[in-house]
Amino acid sequence: MTKSIISRKWMIDVNKISYIPSSISNIHNKIAMFDMEETLISTSSKSKIPKDNQDWIWKYRTVKAKFLTLARQGYTICIIDNATWLSTGDMCYNSFKLRVKNVISEIDTVALKNGVNMQIFCFFAITKGYMWKPHTGIWNTIKKLYSKCKTPINKKKSFYVGDRAARIKTSKSSRWGANKADLGYEDRAFAHNIKVKFYSADDYFSIGMETIDEDDRPYKYPDKSLSPEDMKRIIK
């Protein structure tokens with residue numbers, strides 16, 4: 001296991017769990033936000049649920065390079081996810097925390113080797129309420145953090161990246177080629193609700209892309225056939 005380079009602390013309350021630097025100063029006004037599961041990492045076992053804290057691999061081999069570039073461009077990186085396995089009891093808190101720590105420690109090590117000051121904050125919703133994406137509770141937590149640091153957020157330059165992009169299935173004959181439908185809508189809806197640009201994970205981390213444009217594949221938010229509980233999770 002990689003030793004952590006930057007001093008960080010865990011903060012836990014009834015709705016969320018956070019992993020942030022122990023001391024915060026000179027926070028960057030641009031924020032690059034990312035979903036974690038199936039955006040930054042996946043399970044190495046190919047299981048839907050991690051078997052332990054070591055059960056992870058990078059989803060894309062460009063993740064660390066992209067993070068270095070963002071840090072050099074003056075971005076703060078925020079990882080925001082719904083901790084589904086904690087809410088269902090399929091993973092214990094200790095295993096979850098160690099898994100997150102292992103991921104962040106590897107990024108810290110790369111930053112140190114490259115002489116880059118990388119600011120990373122992690123926020124995970126643990127109950128299906130106001131903090132759960134696509135609700136905006138964690139975004140409000142970030143805004144309070146920035147307000148405390150007396151740093152205005154540059155929303156025009158900030159963005160969110162995730163795999164749950166609400167994209168529909170496309171055929172081989174379409175101009176997008178053959179694609180399966182996305183498994184969910186929460187990441188695109190979250191970006192919409194906090195009013196920042198959204199990028200799909202596969203587009204953002206595609207190898208060789210010099211510039212990133214918003215994915216123009218057709219997408220569709222859930223319709224009225226969904227349960228009232230799911231419909232409430234999209235904030236108009």
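Once a new chain begins, its residue numbering starts again from 1 and follows that chain's sequence as written. Only residues with pLDDT of at least 70 are given local features in this predicted model, and only at 80 or more are side-chain atom pairs given and counted; all residues enter the totals for whole chains, interfaces and linings. In computing side-chain properties, one takes all heavy atoms of the structure into account and sets aside hydrogens as well as water.

**Regarding the overall build of the protein**
Keep this limit in mind: A run of H or I in DSSP counts as a helix once it spans at least four residues, and a run of E counts as a strand once it spans at least two, with each numbered from the N terminus. Buried means the residue's accessible area, taken with a 1.4 Å probe over protein chains only, is under 20% of the maximum for its type, while exposed means over 50%, and partly exposed covers the values in between. In this description, contact between two residues means that some pair of their heavy atoms is separated by no more than 4.5 Å. Only the protein chains shown count as cover for residues, and the accessible areas themselves come from Shrake-Rupley with a 1.4 Å probe.
The number of helices and strands found in the protein is seven helices and nine strands. Across the 236 residues in the protein, those meeting the buried criterion constitute 50%. Taking contacts inside the protein between residues at least 6 apart in sequence as the whole, the part at least 24 apart equals 72%. Total accessible area on the protein is roughly 12400 Å²; 51% of this is exposed by carbon and sulfur atoms.

**What to know about the environment of I57**
Among the secondary structure elements, I57 is positioned in strand β5 (residues 57-58). Assessed through its relative accessible area of 34%, I57 is described here as partly exposed. A C-alpha to C-alpha distance of 5.3 Å links I57 and S44, two positions 13 residues apart in sequence. With near-sequence residues (within four places) excluded, I57 lies in contact with L40, I41, S42, T43 and S44.

**Topic: the nonpolar core**
Convention followed: By nonpolar core is meant a set of buried Ala, Val, Leu, Ile, Met, Phe, Trp, Tyr and Cys residues that side-chain atoms within 4.5 Å join together.
Membership of the largest hydrophobic core comes to 41 residues, with the highest contact counts inside it found for F34, F67, L70, I104, M118, F124 and F159. At seven residues, the largest contribution of residues to this core is made by helix α3 (residues 93-113). Once residues lying within four places of it in the same chain are set aside, the contact partners of F67 are F34, L40, I77, I107 and M118.

**With respect to the pairing of strand β6 (residues 75-82)**
The line we're drawing: Each pair of strands is called paired provided DSSP finds at least two bridges between the two strands.
Along β6, eight of the eight residues are buried, which leaves the element largely enclosed by surrounding structure. Of the two faces of β6, the one lined by Y75, I77, I79 and D81 and the one lined by T76, C78, I80 and N82 are each fully buried. Where strand β3 (residues 30-34) lies against β6, five bridges are found, and the strand directions are parallel. Bridge pairing in β6 links F34 to I79. Here β6 runs beside strand β7 (residues 119-125); their pairing, made up of seven bridges, is parallel. Residue N82 lies in a different strand from β7, and its bridge partner there is A125.

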